Amino acid sequence: MATDTIVNKVAATGIIAFDLMMYEPSIEVVGFDLKPLLYMEMIIKEKEFRTAVAQVDFSCYRDKAVAVYCSVDAIIPQWVYMVIADKLYSETTVFKFCTPDALKLELWESNVQQADTADYHNQKVVVRANPEVPPSLYMVASKKLKPLVKSLLYGEIGMPKVIFK
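The residue numbering used here restarts from 1 in each chain and proceeds along that chain's sequence as written. Per-residue local features are limited, in this predicted model, to residues with pLDDT of at least 70; the limit for side-chain atom pairs, both in listing and counting, is 80 or more; totals at the level of whole chains, interfaces and linings are taken over all residues. With hydrogens and water set aside, each side-chain value is computed from the structure's full complement of heavy atoms.

### Observations concerning the overall build of the chain
Link 1 in the chain: Helix and strand labels come from DSSP, where a helix needs a run of H or I of at least four residues and a strand needs a run of E of at least two; each type is numbered from the N terminus. Assigned secondary structure in the chain consists of five helices and seven strands.
Link 2 in the chain: Scanning the chain from its N terminus toward the C terminus, one meets helices and strands in the order α-β-β-α-β-α-β-α-β-α-β-β.
Link 3 in the chain: Only the C-alpha atoms count toward the radius of gyration. The rule for a globule is 2.2 Å times the residue count to the power 0.38. In summary, the chain has a C-alpha radius of gyration of 23 Å against a globular reference of 15 Å for 165 residues, an excess of more than 25%.
Link 4 in the chain: Its C-alpha atoms give the chain principal-axis dimensions of roughly 90 × 30 × 25 Å.
Link 5 in the chain: Relative accessible area decides the class of each residue, using a 1.4 Å probe on protein chains only: under 20% of the type maximum gives buried, over 50% gives exposed, and in between gives partly exposed. Here the chain holds 165 residues, and the buried ones make up 33% of them.
Link 6 in the chain: Across the chain, contacts joining residues at least 24 apart in sequence account for 81% of those joining residues at least 6 apart. In what follows, residue pairs with any heavy atoms lying within 4.5 Å of each other are defined as contacts.

### Focus on the environment of V140
Link 1 in the chain: Within the element layout of this structure, V140 appears in helix α5 (residues 135–145).
Link 2 in the chain: It is 6.8 Å that separates the C-alpha atoms of V140 and E109, two residues lying 31 residues apart in sequence.

### Quick word on the pattern of salt bridges
Link 1 in the chain: We define a salt bridge as a side-chain nitrogen of Lys or Arg found within 4 Å of a carboxyl oxygen belonging to Asp or Glu. A complete count under the given rule lists seven salt bridges for this structure.
Link 2 in the chain: Across the pair E41 and K35 runs a salt bridge, and its minimum N-O distance is 3.8 Å.
Link 3 in the chain: Taking relative accessible area as the criterion, K35 reaches 25% and is therefore assigned partly exposed.
Link 4 in the chain: Salt-bridge contacts for E46 lead to R50; the nearest nitrogen and oxygen are separated by 2.9 Å. With E46 and R50 both in helix α2 (residues 46–54), this residue pair falls four residues apart, about one helical turn.
Link 5 in the chain: The class of E46 is partly exposed, set by a relative accessible area of 44%.

### Section: the state of the cysteines
Link 1 in the chain: What counts as a disulfide here is a pair of cysteine sulfur atoms lying within 2.5 Å. Counted according to the given criterion, the structure contains zero disulfides.
Link 2 in the chain: With no disulfide of its own, C98 has C70 as its nearest cysteine by sulfur position, at a separation of 14 Å.

### Some remarks on α2
Link 1 in the chain: Every buried residue belonging to α2 is among F49, A52 and V53, and all of these are buried. Viewed end-on, α2 has its buried residues packed into an arc of 100 degrees, placing them on one side of the element. Along α2, exposed side chains directed more than 90 degrees from the buried face belong to K47 and A54.
Link 2 in the chain: Those residues of α2 hidden inside the fold are in contact with α3 (78–89). Throughout, the arc means the angular range of directions from the helix axis out to the C-beta atoms.

### As for unusual backbone geometry
Link 1 in the chain: Phi at E41 is positive, roughly 55 degrees, even though this residue is not glycine.
Link 2 in the chain: Tracing the sequence through the fold places E41 in the loop between β2 (29–33) and α2.
Link 3 in the chain: Positive phi, close to 60 degrees, is recorded for D63, a residue that is not glycine.
Link 4 in the chain: Position of D63 relative to the elements: it lies in the loop between α2 and β3 (65–69).
Link 5 in the chain: By relative accessible area, which is 62% here, D63 ends up exposed.

Purely geometric stuff here, so don't read any function into it on its own.
Set out below in structure tokens:
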């Protein structure tokens, strides 16, 4: 009677996974809309603006990444951004003029670019497919891994799509 040996064909491929979800920012990204600070939600009047800023509780932004934006089409003088930056500075070190989605993507891309890739050197690497990962991150991962890896693949270890060998 012969004994059947179970062989893990996926493990035998020698392919290792690079999961972009591992680099998703852990910091909460929130938005700060300038619209409520505008006079009649349309223009900046310095006195009213400074009064409105003084009433904002900036402590709610502590330890968060803050995307500063304006949801209405208004002409905003540059000094306004400096005033907001001054208030956010004591609460968080991550703030930028952009949308919350853009800030999250920027932080995510930065995490991928700073990733330790020593384990991937001269290996067959699959970048895991995930519909939650923005397309630009696949480009960032490709740029980071191409000079290091023997083969770059996309998808899952068991059924990868070859990008290059």
